[in-house]
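Overview (structure and organization)
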Amino acid sequence: MRNVTLILDDGSRFSGKSFGYEKPVAGEVVFNTAMTGYPESLTDPSYAGQLMTLTYPLVGNYGVPPFTFAENGLPTFMESEKIHAEAIIVSDYSERYNHWNAVESLADWLKREQVPGITGIDTRELTKVLREHGVMMGKIVFDDEIENGELTIDNYGDINYVDRVSCKDIIVYAGNESRTFSVDTPKEELNSQLSIVNCQLKKVLLVDCGVKANIIRCLLKRNVEVIRVPWDYDFNGLDFDGLFISNGPGDPDTCDAAVQNIRKAMQNEKLPIFGICMGNQLLSKAGGAKIYKLKYGHRSHNQPVRMVGTERCFITSQNHGYAVDNNTLGTDWEPLFINMNDGSNEGIRHKRNPWFSAQFHPEAASGPTDTEFLFDEFVKLI
Amino acid sequence: MKENIKKVLLLGSGALKIGEAGEFDYSGSQALKALKEEGIETVLINPNIATVQTSEGVADKIYFLPVTPYFVEKVIDKERPDGVLLSFGGQTALNCGVALYKEGVFEKYGTRVLGTPVQAIMDTEDRELFVKKLDEIDVKTIKSEACENIEQARRAAKDLGYPVIIRAAYALGGLGSGFCDNEEELNVLAEKAFSFSPQVLVEKSLKGWKEVEYEVVRDRFDNCITVCNMENFDPLGIHTGESIVIAPSQTLTNSEYHKLRELAIRIIRHIGIVGECNVQYAFDPESEDYRVIEVNARLSRSSALASKATGYPLAFVAAKLGLGYGLFDLKNSVTKTTSAFFEPALDYVVCKIPRWDLGKFHGVDRELGSSMKSVGEVMAIGRTFEEAIQKGLRMIGQGMHGFVENKELVISDIDKALREPTDKRIFVISKAMRAGYTVDQIHELTKIDKWFLYKLENIMETSKELHEWGNNHIQLSELPKELLYQAKRQGFSDFQVARAIGWQGDMEDGILAVRQYRKSVGIVPVVKQIDTLAAEYPAQTNYLYLTYSGTANDIHYLGDHKSIVVLGSGAYRIGSSVEFDWCGVQALNTIRKEGYRSVMINYNPETVSTDYDMCDRLYFDELTFERVMDILDLENPHGVIVSTGGQIPNNLAMRLDGQKVNILGTSAKSIDNAEDRDKFSAMLDRIGVDQPEWSALTSMDDINAFIQKVGFPVLVRPSYVLSGAAMNVCSNQEELERFLQLAANVSKKHPVVVSQFIEHAKEVEMDAVAQNGEIVAYAISEHIEFAGVHSGDATIQFPPQKLYVETVRRIKRISRQIAKELNISGPFNIQFLARDNDIKVIECNLRASRSFPFVSKVLKINFIELATKVMLGLPVEKPEKNLFDLDYVGIKASQFSFNRLQKADPVLGVDMASTGEVGCIGEDTSCAILKSMLSVGYRIPEKNILLSTGAARQKVDMLQAAKALKKKGYNLYATGGTSKFLTENGIENTRVYWPSEEGHPQALEMLHKKEIDMVVNIPRDLSVGELTNGYKIRRAAIDLNIPLITNARLASAFINAFCSMTIDDIAIKSWDEYK
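Within chain B, the regular secondary structure consists of 36 helices and 38 strands. Against the 2.2 N^0.38 benchmark of 31 Å for 1075 residues, chain B shows a C-alpha radius of gyration of 28 Å, consistent with a compact globule. Projected onto its principal axes, the C-alpha coordinates of chain B cover approximately 80 × 70 × 60 Å. For chain B, the proportion of its 1075 residues judged to be buried stands at 62%. For chain B, restricting intrachain contacts to residue pairs at least 6 apart in sequence, the fraction spanning at least 24 positions comes to 71%.

In C-alpha cells, the structure reads:
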C-alpha cells in the first residue's frame, strides 16, 4: 500500500496508506461517528464533495453487498447509483471481510468506482482538529508524488453540488415499476401520462436535491406514487397530492430555484409538504428563515432530538453541515424538533398548514429507524 | 412521582459467585450514588462486607444480612422504606423481590417497587409468559416447552429433535442448564435442573448462530435508547459469560444492526421496562433471521460491561429513571453538557475475555457450554481488534503473552480441541494456525465468524514475519521500524517481540532492550479518552486507554508530580476479588482527600475502581510492567502504590523499583524479602521467630533428605503465590513427585519450597498497618477451621473468641518484630499457626490482604485510609479503639460455586476454591455464624441429616454437635464407621450405605429422593480426591442443591448455632447499631 498524506487547510498533516483508488483528491473534510453503514454512507449523495472520515476505526469488516437494482430501478442495498463521497478516511481498514451478502471488498469497490480510500489515520485526532477548528478543505496526496500532487481546491460553499447529483429526467415510481420522462415533456402530456401509470394511487411530487433511495422506498412502501423531478424543475402545474423535498449536498443558498418553486406551491395552503435534511432548509427558506453553517455539522447515528412541547425524544440519523436559524422562523412557523445536545433546529412546522420537515433522516439507511413514522404522518395528510 | 420518595431500600447480591460477581457492587454503588444525589435516605441489605457499596457513606443504613425474603421483610418492617430497588442486585435480589411481591409484602408495608414493575420482571423470567408476550408483537423466540417433570422433558425433546438445550427457569447465569445430544444426557441434566427449579425448559438448539446482545434503556415517557450492542466471538452454544465478547458488533451490517436494535426497543416497550434491560439474540450467519434468546429485566454482567465499554453509566441512569425522571432530564455524565438521551458512539473496540480458574478444581469438566464457569473477566480496549484481543489475553493473567509467543500447548487432537471448546480454545486456534490450518478449516470446526479468524491470522502473520527476521538477524537495532510498528499496532508486547525475534538470554533484558529500541525510534503508545461521542464533544472526564493506533495524546500532561498512581487488582479470580477493589477505592478516596491527583490503572469491568468517577484519571489498561511503565513515563507521578491491589501489583514492585520508580510505603526490597520464601525464612531465623520447618529445593535428593527429617505430610509451594496457586499438601512420595512436576511449570525463577505441615493447629491472621516499622493499627482474627483449609476458604472470626491471651501477646510481639525488621510503611498481613501457645509464622505479605475490608468494617477503622496516609508520608495517630473493646463478633464465611463446576470435587484444601465471601456481625459467635452461613446459601435443615465424619479425630470433634442435633430432634443418618461410632456413644442413628456397599437405605438414593436436608461429609485425608464414595456423595449433594459441609469444625460451629438459637432470635440490626 502506498503512503499518503492528508493535508488540511490549516496545514495539519496526517499520514496513512492508500487502500482505494490511487489518485490525489480534494474536498471538504468531515467526520461521521456512525459505527455501521459505510456502503449506505458512501452512496449517500449528500456526501458529494466531501472526504468522509469515519471515527469508528474498524471499517470494511462485512465487505460490500452486490450493486443490484430492483425492477423499479432503485438500488437494492445502496442509496444511489454510485459512490458520492470524494474519499473515505479510516483508521484500520479490514483487508479481509466476511458476510453472506458481500460480493467484494470495500477496497475493490472503491477502486472500481475510482474513489480513494486511506487507512492508518489517527481519525480521533483528525476529528478533534475538525471539532476545534470547524470543517476544513483538505487534500489527499501520495507521498511519492507530493511535488506534482498540487491540487486546486474549490471552496465547498461555492459549488452547486445539488445540481451535480440531482436526476436529469422525471422518473415516476409506482410499486415495482418506474417510467422516465424528459423534463421537456409538456405538463399536460405528463399529467395524462402520470394518471396512466397508476390512477388509484395518491401522488407525491419529490424534488430531488440528491435523494437517498430509501426515502423513495419509504414512500413507495406506503403505497403512493412518487414523481421524482430535478431540483430546479418547476413542478407547479403538475397534478400531485403531496410535495416532498429531499436531502442533498452542499450549501442550501445555491438552490434558490427550488425555493422559488416551493414558494409557488405554498400558495395552495392545503397541499401537504414534507421535507428532509436539505428539504428542511429549503422549506425554511421558502418560509423566510435563514440558514447558517454549523462548525462541524451533525454526521452520526446517535443525534438526540426532542419534539418541541412534548416529552417525546428520538435517536436520529443525521448528515448535515448547515442548519436553520430558529430565531429567523416567521411567525407562522415553529420549531418541530430541537437537537438535545446543542439546541439547534431539527425540524419545523407551519402553525396552520400541513407543512413540516425534519433536519434528520427518518428514512435512516444508515442509522436508527425510530422516526420512520413521519412518513406515515405525511402520507396520512395526503 | 419522585417527590414523595424519601427512603429507598436497595437489595444487594450477596457473596460473589460464578454468574453473579463484582458487577453488582458496581451497579448497586452507582444506584446509591444516584439516590444520594436526590437527597433520598438509602437502606442497603447486602452481607458482602468486602464490597464498596457496603462502605461508610455509600448507603445511610447497611444491613449485613442474607438477601432472602425472610430477612428483607424484617428490614422493611423495621425501616419502612417508601420504595425498593430490585434490579441492582442480580438474580439474587430479583428472585427475592419477586417472592416478596407474590407474598404481598411490599403492599403490606406500602413500599413501592421503583423502576420496572414486578409483573414485567415475571413476564421475562417465566419462559412461557415470555414467549407469549413476544408472540403478541410478532417477535420470534426460541420455542421451548415448559416441563414440570422428566417424562414431559423427554417427550418435548423428542418432538423438537435433538440436540436440545435444557434450562431451569428462574436460575441465575444458566444454572442447571446444558445441551443434550440424546436422551441419556437429557435424563442426567433434567434431574439436575429440576433440583433448582420446579420448571424446566426444553428447546431446540441453534448451535453455530451468532450471539448478539443489546443493552436497552427506557424511561416512563416511553423514550428508548440502546446504549450498546455486543457480539460474541464464540457462536451460540457457549454461555455469554463464557464467551469472548466484542463491542460494538463487528460483523453486522447496518441493516442487521438496526433490525435487532428496532426489535430490542419494540420488546422493552411491550414488556414495560422502566430502567434498563438486556436483550440477547441468536442471529443466523447466513440470513437476517433471528431469535430472541432472553431478556434480563435488570442490570446484569453485560450491562456493567456495556457501561465500561461505552462510558454510559447504565445503573446510575436506571436508578434515576426508577425515581420517575425522563432521559431528557439527565445529562451525559462524560461531557456534562449533552443529553443522557443518546446512544454512545465508540471510536475503539472493546474485547471482554472471561477468566477461568478451572485448574483449581479437582476433576472439573473443562468443556465450555451453556452454563457459566468463569470467575471473572477482563476488558481490553484498542483501536484495532488485534490490539484489543492481545491485550485481553495478557490481562486474564494465566501466563499468556497474547495470541502468539506463548508456551507451546500440548494438544493431542487439534480438531477435537477446536470442535469442543474449553477455556483454552483461543490458544488452540493459535496452535492450529501455527500448524497450518486455514481460516476455512478452523471456521468449519468452531463456527467462529471468519472475520475474527482473519484478524487472528493477521497476528500470526506478523509473528511469522518477526520470526523470519529473527532467523536472519542478530542486532535488534536493525529491526525494521515498519515491522515493529505493525506488531505494536497489533498489540504485541515487548516480550512477544523479543521472543518472536529469538532474543537470546534473559527475557527481562529482552523486554527492556525492545522497549529502549522502540522508544529510540519513536514507537510509543498514545493515550486516548473514552468520551461516549467519538470526539464529537469534549469530555470532562479522564477515562483513558493506550493504543498504538494514533499519533496524538488526548491528555495534556503537566509534569507537576502531583499524581499518585494506584495499581489495581486485575481480573477477579479465585483468591483475588472485590476485597482488593475496595482497597483500591479507599486508597483513591484518601489520595483525593489529601489533595493529590488520583490515578488508577486497572482493567476489570466488574469493579468500582474502574468507574471513571472514582479518580482523576482512570487508565483502563494492562497491569504489565511494560504498560505501567508506559503510563508512568507519561504521568511522571509523585509515586506509585502497589500494596492495595493484591498480588499483581505486588509482583511488579521489584521491576518498577529497578526503573527508579518511586514506590510509596514499604520498599520494594522489603517486599521482596517477604515474598521470597528463602530470604524471608532466613530473616525469621535471624530474629528468632519460629516457623514450620522448610527447605528451598532444587533437586530430588534434597527433597528426600528433608522429608526424612520432618516426615509427611508436607506443604509444597513455589514463591510469589496468591491463593495457593500451585500449592499443595503431599501425603506420600508419589503425590510429591507428581506435584513437583506441575509446580515446576508455574515458576522457573524461584525455587520450590517444601515445608512441614502441622496438623490440628489453629490458624491466626494479623492484618495491620505500620509506619516506619512501627505498628499503627492491627486486627487479629482466628480461623474456625484448623490449618489446612486455605485462608481464603476458611471461616474467620474477628475479634478472636477462643485464643489464649498468651497467644495474642506472642502474635503481637512477633508482628512488631517483623514490621520493624522489614521497616514496613503501609498495609501488611501475617499468617500464624498456633498450637497451644506455640506460634509459628507461615506467611507474610507486605500488602493489603483479603480480610482488610472485613476487619476494617467490623472494627470501624479504615485500615486502607490509614495505610494510604502512611504511604503519602502524612502523620497518623494510632486509633484509640482496639479489637478488645468490641461487644460483638464478626464472621467471614466463604461462598463456593461448586454447583457451577460440573464434576469438581467440592472439598476444601490448601488450594483456594471459594469464589466469594460474606461478613456478618452478631452479638455472639452463634448469631454471627448463623447469619453468615445463611448468607452463603446454607439453610437450617428441617429434619434429616446425613453424617459421614471421616477419620477418628474428626469423629470425636463432631460428637458434641451430633448430640446437639439429636437433642434438637433431628434424624441422623450415618455411613458405616460414623454410624458405629455414634451408636457406641449412645447417639441414635440410622445406618446408610455407600454407593460401593450393598444394603439399604443407600445414601445416594436418599439424596436423590430429597430425603436429606443437610450433608456433613468429612474427607478422610487431604489427598487428591479420586472417584471415591465420598466424592459421589459430595457431588450429589451439590448437584441436588443440598447444603454440604466438609469440615468438622465448621460443621460443629454451624450446628451449635442453629441448635442453640432459631432464626427468629437473630436481631435485625444495621451496621451502625453495633457500637
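After presenting the structure, the write-up continues.
Turning our eyes to something else, we now look at the overall build of chain A. Helix and strand counts for chain A come out as nine helices and 20 strands. Taking 21 Å as the expected radius of gyration for a compact globule of 382 residues, we find that chain A reaches 21 Å, a close match to that expectation. Over its C-alpha atoms, taken along the principal directions, chain A stretches across nearly 60 × 45 × 40 Å. Across the 382 residues that make up chain A, the buried fraction comes to 59%.

A few words on the nonpolar core. Core analysis: the largest hydrophobic core is formed by 440 residues, its most contacted members being Ile227 of chain A together with Val350, Leu567, Phe832 and Phe1054 of chain B. Apart from residues no more than four positions distant in its own chain, phenylalanine 1054 of chain B is found in contact with Ile929, Met933, Tyr938 and Ile1045 of chain B. Counting 18 residues, the second-largest nonpolar core is a separate cluster that includes Ala156, Ala157, Leu189 and Val200 of chain B.

Of the residues lining the interface, 38 residues belong to chain A; the matching set on chain B comes to 45 residues. At the level of secondary structure, the elements contributing two or more residues to the side of chain A that touches chain B comprise α3 (123-133), β16 (291-307) and β17 (313-324) of chain A. Looking at the side of chain A that touches chain B element by element, the count peaks at five residues for α3 of chain A. Class assignment of the residues belonging to the side of chain A that touches chain B gives a composition of 13 nonpolar, 14 polar and eleven charged.

Attention shifts here to the sheet that holds strand β18 (residues 543-547) of chain B. Residues and elements named next belong to chain B. The strand order β17-β18-β21-β20-β19-β22 describes an open sheet built from six strands, whose pairing is mixed. Both outer strands of the open sheet, β17 (526-529) and β22 (639-641), are each paired with one neighbouring strand and no more. Neighbouring strand axes in the sheet, compared pairwise and without regard to direction, differ in orientation by 30° on average. Summarising the sheet, strand β20 (residues 597-602) and strand β21 (residues 617-620) pair through four bridges and their orientation is parallel. Looking at β21, one finds that methionine 600 is bridged to leucine 618.

In this section: the pairing of strand β30 (residues 826-835) of chain B. Residues and elements named next belong to chain B. In terms of burial, β30 is a largely internal element, eight of the ten residues being buried. With nine bridges connecting them, strand β27 (residues 762-771) and β30 associate as antiparallel partners. Bridged to alanine 768 within β30 is phenylalanine 828. Of the pairings in the sheet, the one linking β30 to strand β31 (residues 838-845) comprises seven bridges and is antiparallel in character. Bridge pairing links leucine 833 to lysine 840 in β31.

We now examine the environment of leucine 418 of chain B. Residues and elements named next belong to chain B. Relative to the assigned elements, leucine 418 resides in helix α13 (residues 414-419). A C-alpha to C-alpha distance of 32 Å links leucine 418 and phenylalanine 196, two positions 222 residues apart in sequence. Sequence-distant contacts of leucine 418, that is, excluding residues within four places in its chain, are made with Val428, Ile429, Ala432, Ile442, Leu445 and Thr446.

This part takes up the environment of leucine 299 of chain B. Residue and element names in this part refer to chain B. Examined against the element boundaries, leucine 299 turns out to sit in the loop between β14 (290-296) and α10 (301-310). Taking the C-alpha atoms as reference points, leucine 299 and histidine 473, separated by 174 residues in sequence, lie 54 Å from one another. Residues contacting leucine 299, with those up to four places away along its chain left out, are Ser27, Ser87, Phe88, Glu276, Leu314, Ala315 and Ala318.

Residue and element names in this part refer to chain B. One way to put it is that helix α30 (residues 925-935) packs onto helix α36 (residues 1048-1060) with a least axis distance of 9 Å and a crossing angle of 105°. Relative to α36, the element α30 lies roughly perpendicular. Residues Ser926, Ile929, Leu930 and Met933 of α30 touch α36, and the partners they reach there are Ala1053, Phe1054, Asn1056, Ala1057, Phe1058 and Ser1060. Counted by class, the contact of α30 with α36 contains seven nonpolar, three polar and no charged residues.

Residue and element names in this part refer to chain B. Sheet architecture is open: five strands sit in the order β3-β2-β1-β4-β5, paired in parallel fashion. Edge positions in the sheet fall to β3 (61-63) and β5 (112-113), since each has one partner strand and no second. Looking at chain direction, strand β4 (residues 83-85) and β5 are connected through two bridges and run parallel. Paired with glycine 83 across the bridge in β5 is arginine 112.

What follows deals with the confidence of the model for chain B. Residue and element names in this part refer to chain B. Across chain B, pLDDT averages 93, with 97% of residues at or above 70. Overall, residues 720-725 carries pLDDT values under 50, and its contacts beyond four positions in sequence, including any with other chains, amount to 21 contacts. Confidence metrics for the complex model read pTM 0.94 and ipTM 0.97.

Right, let's talk about helix α2 (residues 69-79) of chain B for a bit. Residues and elements named next belong to chain B. Within α2, the full set of buried residues consists of Phe71, Val72, Val75, Ile76 and Glu79. The arc that holds every buried residue of α2, seen down its axis, measures 140°, which confines them to one face. Its buried side turned inward, α2 meets β1 (7-11), β2 (41-45), β3, α3 (90-102) and α4 (105-109). After α2 finishes, the residue arginine 80 shows a positive phi value of roughly 50°.

Let's shift gears to helix α28 (residues 852-859) of chain B. Residues and elements named next belong to chain B. Within α28, eight of the eight residues are buried, which leaves the element mostly enclosed by the surrounding structure. All buried positions along α28 are accounted for by Phe852, Pro853, Phe854, Val855, Ser856, Lys857, Val858 and Leu859. In the stretch just after α28, lysine 860 is the one whose phi turns positive, near 60°.

Before going further, it helps to spend a moment on unusual backbone geometry. Residue and element names in this part refer to chain B. Look at the link from alanine 247 to proline 248: it is a cis peptide, with omega at -10°. By the secondary structure assignment, proline 248 is in the loop between β12 (245-247) and α9 (254-271). For the bond running from phenylalanine 712 to proline 713, omega is -5°, close enough to zero to count as cis. Turning to its location among the elements, proline 713 is positioned in the loop between α25 (700-710) and β24 (714-718). Phi is positive for glutamate 405, close to 65°, though the residue is something other than glycine. Relative to the assigned elements, glutamate 405 resides in the loop between α12 (385-395) and α13. What makes glutamate 405 buried here is the crowd of 21 C-beta atoms within 10 Å.

Attention now moves to the environment of threonine 975 of chain B. Residue and element names in this part refer to chain B. Here threonine 975 lies in strand β35 (residues 971-975). The exposure class assigned to threonine 975 is buried, which follows from the 21 C-beta atoms found within 10 Å. In this structure the C-alpha to C-alpha distance between threonine 975 and arginine 991, which are 16 residues apart in sequence, comes to 5.6 Å. What threonine 975 contacts, discounting residues up to four positions off in sequence, is Ser948, Val992, Trp994 and Ala1003.

All names here are of chain B. Helix α16 (residues 450-472) packs onto helix α15 (residues 439-446) with a crossing angle of 135° between their chain directions and a minimal axis gap of 10 Å. Here α16 runs oblique to α15, going by the angle between their axes. Our pair here, α15 against α16, has a crossing hand that is right-handed. Residues Val439, Ile442 and His443 of α15 lie in contact with α16, whose contacting residues are Lys450, Leu453, Tyr454 and Glu457. Along the lines of polarity and charge, the residues of the contact of α15 with α16 split into four nonpolar, one polar and two charged.

Residue and element names in this part refer to chain A. Counted residue by residue, β17 has eleven buried out of twelve residues, so it is predominantly covered. Bridge analysis of β16 against β17 gives ten bridges, and the strand direction is antiparallel. Paired with valine 305 across the strands is phenylalanine 314, a residue of β17. Where β16 hands over to β17, the hairpin turn is made up of five residues, of which glycine 309 adopts a positive phi near 80°.

Rules and cut-offs
Residues numbered from 1 in each chain as written. Chains lettered and ligands numbered in written order. Predicted model: local features only at pLDDT ≥ 70, side-chain atom pairs only at ≥ 80, totals over all residues. Helix = DSSP H or I, 4+ residues; strand = E, 2+ residues; numbered from the N terminus. Rg over C-alpha atoms; globule rule 2.2 N^0.38 Å. Buried ≥ 20, exposed ≤ 12 C-beta atoms within 10 Å, placed from the backbone. Contact = placed C-beta atoms within 7 Å. Core = buried A, V, L, I, M, F, W, Y, C linked by C-beta atoms within 7 Å. Nonpolar A, V, L, I, M, F, W, Y, C, P; charged D, E, K, R; others polar. Pairing = 2+ DSSP bridges. Axes fitted to C-alpha atoms, helices over the stretch in contact; angles between N-to-C directions. Parallel < 35°, antiparallel > 145°, perpendicular 65-115°, else oblique. pLDDT = per-residue confidence, 0-100. Arc of directions from axis to C-beta. Left-handed = near helix turned anticlockwise from the far one by under 90°.

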